[in-house]
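# Structural description and commentary
One letter stands for each residue in the lines below.
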Amino acid sequence: MNAPLRLGIAGLGTVGASVVRLLERQGDAIATQLGRPVRVVAVSARDRSRDRGINLDSIAWHEDPVALANANSIDVFVELIGGDDGPAHASVRAALESGKGVVTANKALLARHGVALAALAEERGAELSFEAAVGGGIPIVKTLREALAGNRLTRLYGILNGTCNFILTRMEAGADYPSALREAQALGYAEADPTFDVEGLDAAQKLAILTSLAFGTEIDSDSVYVEGITGITPDDLAAAEELGYRIKLLGVAQRTDSGIEQRVHPTMVPRDCDIARISGVTNAVAVEGDFIGSVVLSGPGAGGEATASAVVGDIMDQARGVRVPPLGRPAASLEPYRRARMRAHEGGYYLRLKVLDRPGAFAAIAQRMAEGGISLDSIVQRNRPIGTAPKRGTEEAQPVTIITHSTTEQAVRAALAGIEAGGEVFGRPQMIRIEAL
Ligand SMILES: NC(=O)c1ccc[n+]([C@@H]2O[C@H](COP(=O)([O-])OP(=O)(O)OC[C@H]3O[C@@H](n4cnc5c(N)ncnc54)[C@H](OP(=O)(O)O)[C@@H]3O)[C@@H](O)[C@H]2O)c1
């Protein structure tokens with residue numbers, strides 16, 4: 001047996017404690033695979049007295065994660081604190097500065113500082129691994145960085161947030177948004193303040209990291225177009241079902257003539273495609289490339305054990321001395337991210353309007369679409385049997401759903417603005433993009 005790999009773990013919460021448990025349980029098998037044992041020799045967390053269900057008796061305790069990162073007693077620093085700045089950032093930098101390998105599950109840190117940290121790691125000859133930062137237990141980082149590296153990738157898309165997918169799955173089964181969210185919170189899938197998940201921000205951070213790996217560009221999480229799921233109604237899910245679609249919160253990164261699109265938004269996907277079948281908290285990522293065609297990976301996107309599985313995979317790579325540039329190519333050779341503007345996005349659209357039930361309203365809407373060069377695949381007036389008239393003397397609103405053929409976001413937005421201004425509809429129209437899969 002060779003010398004042990006000595007770990008310092010900062011953060012002993014959901015993921016950190018699971019990593020310690022995994023290393024305890026599989027320690028012998030891991031040592032046999034590596035030809036050397038992996039030992040947790042030092043840890044750091046906030047509250048030393050907290051019972052974490054793990055035995056820390058023979059492990060050194062550091063109050064300060066930066067001191068742990070600097071300690072000579074460790075070879076690899078494992079950052080499982082979280083947050084894009086503060087102690088997570090300071091300790092990861094300190095570890096890399098001193099030439100130690102770093103393993104982290106921190107998407108926020110990578111989304112914001114990933115390029116600078118990758119450059120620092122390369123400069124100091126240290127490894128920086130972050131498989132667990134995207135897709136929890138799904139090995140998507142390694143797949144993009146290594147296994148698919150020979151391809152020219154064209155599009156990547158996925159369900160990157162289990163909370164949103166769980167809520168949408170429950171809404172398909174008949175729940176409304178507030179009760180689906182409450183259920184997600186009761187099951188521990190959603191935070192008390194769910195904003196970060198349901199507004200698409202978590203998925204956007206993950207997408208920004210994947211975009212860099214897929215297209216060799218600098219990480220630019222500020223340029224992701226983001227829409228969350230809070231505006232999706234049971235009516236939309238029912239309409240999707242009728243039309244042969246499912247609604248998923250997708251993160252999509254795609255090469256276009258004008259740059260690379262990065263977008264996170266509720267998306268209609270054909271009911272029979274792989275991604276449509278992913279239900280509950282499961283995550284999935286599909287990658288399309290010139291030689292591979294299409295690959296879909298799915299699995300648990302979060303949870304202590306699944307995430308610990310990815311963290312330990314990274315630790316084992318470092319124990320073997322595997323050396324790969326953190327972002328798949330030298331940080332200095334990453335291209336600047338060139339943003340494709342959302343207005344230039346091309347695709348089909350689902351629109352749901354509450355149209356005033358008065359003569360000419362329907363025709364006026366069709367006219368505005370035609371003027372914008374938008375061709376319609378279908379236009380359906382819902383909920384009122386064909387041939388029945390509205391109540392006399394009232395101006396009822398009739399729900400109308402429209403599916404367009406492929407068009408541009410700019411054309412759709414302009415047509416909707418015209419329809420709203422023209423007073424033919426009640427309230428704000430709903431618009432959901434359709435992804436051609
Ligand atoms: N949970 C998941 O399913 C999941 C999935 C993928 C990625 N991740 C990522 O994994 C990381 C950890 O997530 P988590 O869910 O395990 O978080 P968590 O349960 O909140 O644990 C955070 C840990 O960090 C410690 N900590 C906080 N501030 C500290 C400081 N100043 N110094 C030292 N320790 C400090 C906490 O100490 P105390 O315990 O003493 O409070 C706690 O042990 C995050 O980056 C997260 O995004 C999580």
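See above for the structure.
Report on the accompanying structure. (Residues numbered from 1 in each chain as written. Predicted model: local features only at pLDDT ≥ 70, side-chain atom pairs only at ≥ 80, totals over all residues. Heavy atoms only, no water.)

### Here's the deal with the state of the cysteines
Short version of the rule: Two cysteine sulfur atoms form a disulfide, by the criterion used here, when they sit within 2.5 Å. Only protein chains enter the accessibility calculation, which uses a 1.4 Å probe. A residue is then buried if its area is under 20% of the maximum for its type, exposed if over 50%, and partly exposed in between.
Following the criterion strictly, the structure yields 0 disulfides and no others. You can see Cys164 has no disulfide; the closest cysteine sulfur is in Cys273, sitting 18 Å from it. In this structure Cys164 comes out as buried when scored by relative accessible area, which is 0%. The buried category is assigned to Cys273, whose relative accessible area is 12%.

### A closer look at the pairing of strand 2 (residues 38-44)
Put simply, the rule is: Runs of E in the DSSP output that reach at least two residues are strands. Runs of H or I that reach at least four are helices, and both are numbered from the N terminus. Strands are treated as partners if at least two bridges between them are detected by DSSP.
Of all 7 residues in strand 2, 5 are buried; the element is thus mostly enclosed. For strand 1 (residues 5-10) and strand 2, the ladder comprises 6 bridges, and the chain directions are parallel. When the bridges of strand 2 are listed, Ala10 appears paired with Ser44. As judged from the 3 bridges shared by strand 2 and strand 3 (residues 60-62), these two strands associate in the parallel manner. Within the sheet, the bridge partner assigned to Ser44 lies in strand 3 and is His62.

### A look at a nonpolar patch on the surface
To keep things clear, this is the line we draw: To count toward a patch, a residue needs a relative accessible area above 30% and no salt bridge. Like charges then connect within 9 Å, nonpolar side chains (Val, Leu, Ile, Met, Phe, Trp, Tyr) within 5 Å. For every accessible area listed, the method is Shrake-Rupley and the probe measures 1.4 Å; residues are considered covered only by the protein chains on display. Salt bridges are identified by distance alone: a Lys or Arg side-chain nitrogen within 4 Å of an Asp or Glu carboxyl oxygen.
A grouping of Leu187, Tyr189 and Val281 is seen on the molecular surface, where their side chains present a nonpolar patch of about 240 Å² in accessible area. If you trace the backbone, Val281 turns up in the loop between strand 10 (259-270) and strand 11 (282-289). Its relative accessible area of 30% is what places Val281 among the partly exposed residues.

### Observations concerning helix 1 (residues 14-25)
Going by this rule: For a helix, the expected span equals 1.5 Å multiplied by the number of residues minus one. By definition in these notes, contact holds between two residues if any of their heavy atoms fall within 4.5 Å.
Between the first and last C-alpha of helix 1 there are 17 Å, a value that for 12 residues agrees with the 16 Å anticipated at 1.5 Å per step. Buried residues of helix 1: Val15, Gly16, Ala17, Ser18, Val19, Val20, Leu22 and Leu23, and no others. Those residues of helix 1 that are buried are in contact with strand 1, helix 2 (27-34), strand 2 and helix 12 (304-320).

### Let's talk about the packing of helix 1 against helix 12
This is how the line gets drawn: Fitted lines through C-alpha atoms serve as axes, helices being fitted only where they are in contact, and the angles separating the N-to-C directions of these axes extend from 0 to 180 degrees. A crossing counts as left-handed when the near helix is turned anticlockwise from the far one by less than a right angle, and as right-handed when that turn is clockwise. Residues are grouped as follows: nonpolar covers Ala, Val, Leu, Ile, Met, Phe, Trp, Tyr, Cys and Pro; charged covers Asp, Glu, Lys and Arg; every other residue, Gly included, is treated as polar.
With their axes 8 Å apart at the nearest point, helix 1 and helix 12 run at an angle of 65 degrees to one another. The way helix 1 lies across helix 12 gives a crossing that is right-handed. Residues Thr14, Val15, Ser18, Val19, Leu22, Leu23 and Arg25 of helix 1 touch helix 12, and the partners they reach there are Gly304, Glu305, Thr307, Ala308, Ser309, Val311, Val312 and Ile315. In terms of residue class, the contact of helix 1 with helix 12 is built from 8 nonpolar, 5 polar and 2 charged.

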